[in-house]
Amino acid sequence: MQPHKKCVIGFAGKRVYARRKINLLTTFGLSKLSQSLTIPYVLVDANTSYTILLGRPTLNKLGAIVSKPYLAMKFPSSIREIVTIKT
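Residues numbered from 1 in each chain as written. Predicted model: local features only at pLDDT ≥ 70, side-chain atom pairs only at ≥ 80, totals over all residues. Heavy atoms only, no water.

Quick look at the overall build of the protein chain
When helices and strands are tallied, the protein chain shows one helix and seven strands. In the protein chain, the order of α-helices and β-strands from amino to carboxyl end is β-β-β-β-α-β-β-β. With the C-alpha coordinates of the protein chain rotated into their principal frame, the extents come out at 40 × 30 × 20 Å. Expressed as a percentage of its 87 residues, the buried residues of the protein chain come to 22%. For the protein chain, the exposed surface amounts to about 7300 Å²; the carbon and sulfur share of it is 56%. (Helix = DSSP H or I, 4+ residues; strand = E, 2+ residues; numbered from the N terminus. Buried < 20%, exposed > 50% of the residue type's maximum accessible area, 1.4 Å probe, protein only. Areas by Shrake-Rupley, 256 points an atom, 1.4 Å probe, with all protein chains shown as cover.)

Written as structure tokens, this is what we have:
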């Protein structure tokens, strides 16, 4: 982990200070229907129901399309099949 001193604006408009930053290999999907990327994670101390928030750079790198009304995300796997993740 590396120190990270940038500020993040939270959902309520409050400033949240980042504690640390770490790059982790993250796999989206399962087995052959997956894609793995190294993603920078910024750790913050915030009272939220979210475990992780994916930013535009990560979604673009993944080639993902997000549908908020359907609570779903689609992206191409490493074998070029379309993967759908629903919450």
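This is not the end of the story, as more comes after the structure.
Some points on the nonpolar core
Nonpolar side chains in soluble globular proteins tend to be buried together. In this structure, Phe28, Leu37, Ile39, Tyr41, Leu59, Leu62, Ala64, Met73, Phe75 and Val83 together form the largest nonpolar core, which totals ten residues. When residues of this core are traced back to their parent elements, those giving at least two are β4 (33-44), α1 (56-62) and β6 (72-76). Counting residues per element, this core draws most heavily on β4, which supplies three residues. In this structure, Ile39 is in contact with Ile22, Asn23, Leu24, Thr26, Phe28 and Thr58, ignoring residues within four places of it in sequence. (Core = buried A, V, L, I, M, F, W, Y, C linked by side-chain atoms within 4.5 Å. Contact = heavy atoms within 4.5 Å.)

A look at the packing of aromatic side chains
If you walk through the whole model with that rule in mind, you get one aromatic pair. Arranged with centres 6.2 Å apart and planes meeting at 70 degrees, the rings of Phe28 and Phe75 form a pair that is edge-to-face. Here Phe28, found in strand β3 (residues 15-30), pairs with Phe75, found in strand β6; they are 47 residues apart in sequence, far enough to count as distant. The pair formed by Phe28 and Phe75 is uniform in burial state, with each residue classed as buried. (Phe/Tyr/Trp six-rings, centres within 6.5 Å; stacked < 30°, edge-to-face > 60°.)

Remarks on the layout of surface pockets
Considered as a void within the structure, the largest pocket measures approximately 1000 Å³ in volume. Lining of the largest pocket is provided by 29 residues; of these, Val8, Val42, Val44, Ile52 and Leu53 occupy positions nearest its centre. Listed by contribution, the elements that provide at least two residues to the lining of the largest pocket are β2 (7-9), β3, β4 and α1. For the lining of the largest pocket, the leading source of residues is β4, giving six residues. Each pocket or cavity is described by its volume, and for the second largest pocket that value is around 760 Å³. Lining the second largest pocket are 17 residues, with Tyr50, Ile52, Leu53, Leu54 and Val66 positioned closest to its centre. Breaking the lining of the second largest pocket down by element, the ones donating at least two residues are α1, β5 (65-67) and β6. Its residues assigned to classes, the lining of the second largest pocket comprises twelve nonpolar, three polar and two charged. (1 Å grid on protein atoms, 1.4 Å probe; cavity = no way out; pocket = protein on both sides within 12 Å on 5 of 7 lines; lining within 4 Å. Points joined across faces, edges and corners; volume = space filled by probe spheres on them. Nonpolar A, V, L, I, M, F, W, Y, C, P; charged D, E, K, R; others polar.)

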